Amino acid sequence: MCAGRGRLRAPRALPRRPAQAGRRVNRAAALRRRRAARAGQYLALLGYLVFLAFPLLWLLSTAFKPPRELVSPDPSWIPDHPTLDNFRQAFDEQPLLRAAANSLTASVAAAAITVVIATPMAYVMARHHRSPLSRAATGWVVVSQAFPFVLVIIPLFLVLKNLYLINSLSGLIMVYVVWSLPFALWMLAGYARAVPRELEEAAAVDGAGRLRILVSVTMPLLAPGLVATALFAFITAWNEFFFALVLLKTPQKQTMPVVLTHFIGAEGVADLGPLAAASLLATLPSLVLFAVIQRRITSGTLAGAVKS
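Residues numbered from 1 in each chain as written. Predicted model: local features only at pLDDT ≥ 70, side-chain atom pairs only at ≥ 80, totals over all residues. Heavy atoms only, no water.

### Let's talk about the pattern of salt bridges
Summed over the entire model, instances satisfying the criterion amount to one salt bridge. With its nearest N and O atoms 2.1 Å apart, the salt bridge here joins Asp 85 to Arg 88. With a gap of three residues between them, Asp 85 and Arg 88 both fall in helix H4 (residues 85-93), about one helical turn apart. For Arg 88, a relative accessible area of 48% translates into the label partly exposed. (Salt bridge = Lys/Arg side-chain N within 4 Å of Asp/Glu carboxyl O. Helix = DSSP H or I, 4+ residues; strand = E, 2+ residues; numbered from the N terminus. Buried < 20%, exposed > 50% of the residue type's maximum accessible area, 1.4 Å probe, protein only.)

Written as structure tokens, this is what we have:
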């Protein structure tokens, strides 16, 4: 009897608990919701890309269409008889190369000067962001972006007239720098705040001075921000129309956006084919520049520096 009591019995299988089954159902439902949300994000991104690409694709199609297809009541995406006559006519009618050279000079100079001026100012704002001066500078950045062009063009014209900078690329470059500087300063300050203070403190312990720290430690980590700021200033100056229209009078000094308006007649009738061809050529520099330096805009350099 004692021996019978001492026998070992096989353990019985425990029934599933309702709580475990409920957690599995909740995890499956959460996974389905995440997949649905991700699919919705991809659809929204695809719609946004289509929205952005539609004008460029239509411009590309129009630039290669002959005059008969431009006035067709049934327009098509792909030209039936593509031609380069619109490009030849655009170069024959307007000095596009000279206008592109003027725009390139003004844009590159404005971008370089903006970055040089904004870098030390942004560093000071980032390191002393709680000071009253830094807060005042941030407020100036926000307020300055609300000024319309019409509000500042008259005093700006008078100032440049007294400086004998009307109808000159130097005066236009000065205007572009002043107009792009607030936003560039705010953008670079955000990048500067992301630079860890520990790296600068370690360099100071090793005996590096403030200037050496700024040049050898901080500036390499700010490279993505510098590239993004320069790209912003360049595109802003390249696409700007209003200031160039008011400040530049002679055709030899006019920039690309102003020259594009010459394809529109006095009665508002546009020479659509050459205008599309010239507009496509004016769009290419910004696209090429962004495609070349887009990898530098990412902030992966900073992550690698922190790990090291």
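Let's pick the thread back up.
### Overview of unusual backbone geometry
A positive phi angle, close to 60°, is found at Tyr 164, a residue other than glycine. One can find Tyr 164 in the loop between helix H7 (149-162) and helix H8 (169-193). Take Tyr 164: its relative accessible area is 74%, and that puts it in the exposed class. Phi at Asn 167 is positive, roughly 60°, even though this residue is not glycine. Relative accessible area serves as the criterion here: at 19%, Asn 167 is assigned to the buried category.

### What to know about the nonpolar core
By size, the foremost hydrophobic cluster in this structure holds 18 residues, and its most contacted members are Leu 172, Tyr 176, Phe 243, Ala 244 and Leu 247. Those elements giving two or more residues to this core turn out to be helix H5 (96-127), H7, H8 and helix H12 (242-247). If you tally residues by element for this core, the top one is H8, at six residues. Those residues within four positions of Tyr 176 in sequence are excluded, and the remaining contacts are Ala 106, Ala 110, Ala 237, Glu 240, Phe 243 and Ala 244. (Core = buried A, V, L, I, M, F, W, Y, C linked by side-chain atoms within 4.5 Å. Contact = heavy atoms within 4.5 Å.)

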